[in-house]
Amino acid sequence: MLRLEYLVIDFEGFRHKSEPFLIKEISVFGPSYQDTLVLKPQCHIDQVPVERRRTYLWCSKHLHGLDWNSGTHDYSFVYQFFTSLKIRFPNAIFYAKGELKCNFLRSHLFNVVDLELVGCPKVTEFTEFENNICNNHIHPDYYFDHCSKKKAYLFYCWLQTQINKNGLSPLQAPNSSTTPLTEHEPPHANNSSSDGSGR
C-alpha cells in the first residue's frame, strides 16, 4: 500500500494589480523534506516600470522584507523545483493557505488543498509566531507573518497535530470561493499583494 505523504508550501513575492505573481521566496515543509529557495529577479529593479517598481519596493521595505535584487537560484529554476516535487512525492497532498495561492500551485502540482478549508488559523495566532527562523528578509520593518519559511513550518506543525488527533481527511474538504484579504496593504492594495495571500 502506498504511503500518503503531505507537504506544506508557502511563498512570498511581488504582484502589481492584475499582473502575474512573481515568486521571491518559496518554502516546502514535510515529514522528511524541508527546503527554501530565494529566486533571482528576471531583471534589475531599474528596468521595472515606475508604477510597478513603486509597489515592489513598498512590499520589500514594509511587507515581506525580501530585496528585489537578491536570490540564489535563477527564476526559471522554480519550474524545475515543482517538477522535482512531483517526481519525488508522486502520492503527496500539497497544502497551501488561501484560494489565490492554491490556484497558482494547481497550475504546477496535483492534489493541492487549501488549509483554510480545514480550519487552519492565521499565522499570527500561533504562540510560536514571535520566534523568527529566517535570514532572507533584510529590511528591518517587514512583518514576520510574511516569511514563507516560518509559515510553512507553523502550518505543517498545525496540520500534523490535526491529522494525529482527528484523522483529518483533506481530500474531502469542500470547495470554497472565499479569498482572504491581506492585512498590511501596499499602494493600490485592492489590486496588489505579496503572496496571493492566505496567512
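Please refer to the structure higher up on the page.
The paragraphs below set out a description of the structure included in this document. All values derive from a computational prediction rather than experimental measurement. (Residues numbered from 1 in each chain as written. Predicted model: local features only at pLDDT ≥ 70, side-chain atom pairs only at ≥ 80, totals over all residues. Heavy atoms only, no water.)

## Let's talk about the nonpolar core
Inference 1: Grouped together as the largest cluster of nonpolar side chains are 31 residues, with contacts concentrated most on Ile 23, Leu 85 and Phe 94.
Inference 2: When residues of this core are traced back to their parent elements, those giving at least two are β1 (6-14), β2 (22-29), α1 (50-62), α2 (77-88), β4 (93-96) and α3 (99-106).
Inference 3: Those residues in contact with Phe 94 that lie beyond four places of it in its chain are Leu 7, Ile 9, Leu 85, Phe 89, Leu 109, Phe 110, Asn 111, Val 112 and Val 113.
Inference 4: With 17 residues, the next largest nonpolar core counts Val 8, Leu 115, Ala 152 and Phe 155 among its residues. (Core = buried A, V, L, I, M, F, W, Y, C linked by side-chain atoms within 4.5 Å. Buried < 20%, exposed > 50% of the residue type's maximum accessible area, 1.4 Å probe, protein only. Helix = DSSP H or I, 4+ residues; strand = E, 2+ residues; numbered from the N terminus. Contact = heavy atoms within 4.5 Å.)

## Regarding the packing of aromatic side chains
Inference 1: Inspection of every chain in the model, using the stated rule, returns 12 aromatic pairs.
Inference 2: With centroids separated by 5.2 Å and ring planes inclined at 65 degrees, the aromatic side chains of Phe 14 and Trp 68 adopt a geometry described as edge-to-face. Here Trp 68 lies in the loop between α1 and α2 and Phe 14 lies in strand β1, a separation of 54 residues in the sequence.
Inference 3: A relative accessible area of 7% places Trp 68 in the buried class.
Inference 4: Ring centres 5.4 Å apart and planes at 70 degrees place the aromatic pair Phe 29 and Tyr 153 in the edge-to-face group. In this pair, Phe 29 is assigned in strand β2 and Tyr 153 in helix α4 (residues 148-166), connecting sequence segments 124 residues apart.
Inference 5: With a relative accessible area of 34%, Tyr 153 lands in the partly exposed category.
Inference 6: What links up through ring pairs into an aromatic cluster is the set Tyr 6, Phe 29, Tyr 153 and Tyr 156.
Inference 7: For Lys 101, the ring lying beneath its charged end belongs to Phe 11, and the centroid distance is 5.1 Å. (Phe/Tyr/Trp six-rings, centres within 6.5 Å; stacked < 30°, edge-to-face > 60°. Lys NZ or Arg CZ within 6 Å of the ring centre and 35° of its normal.)

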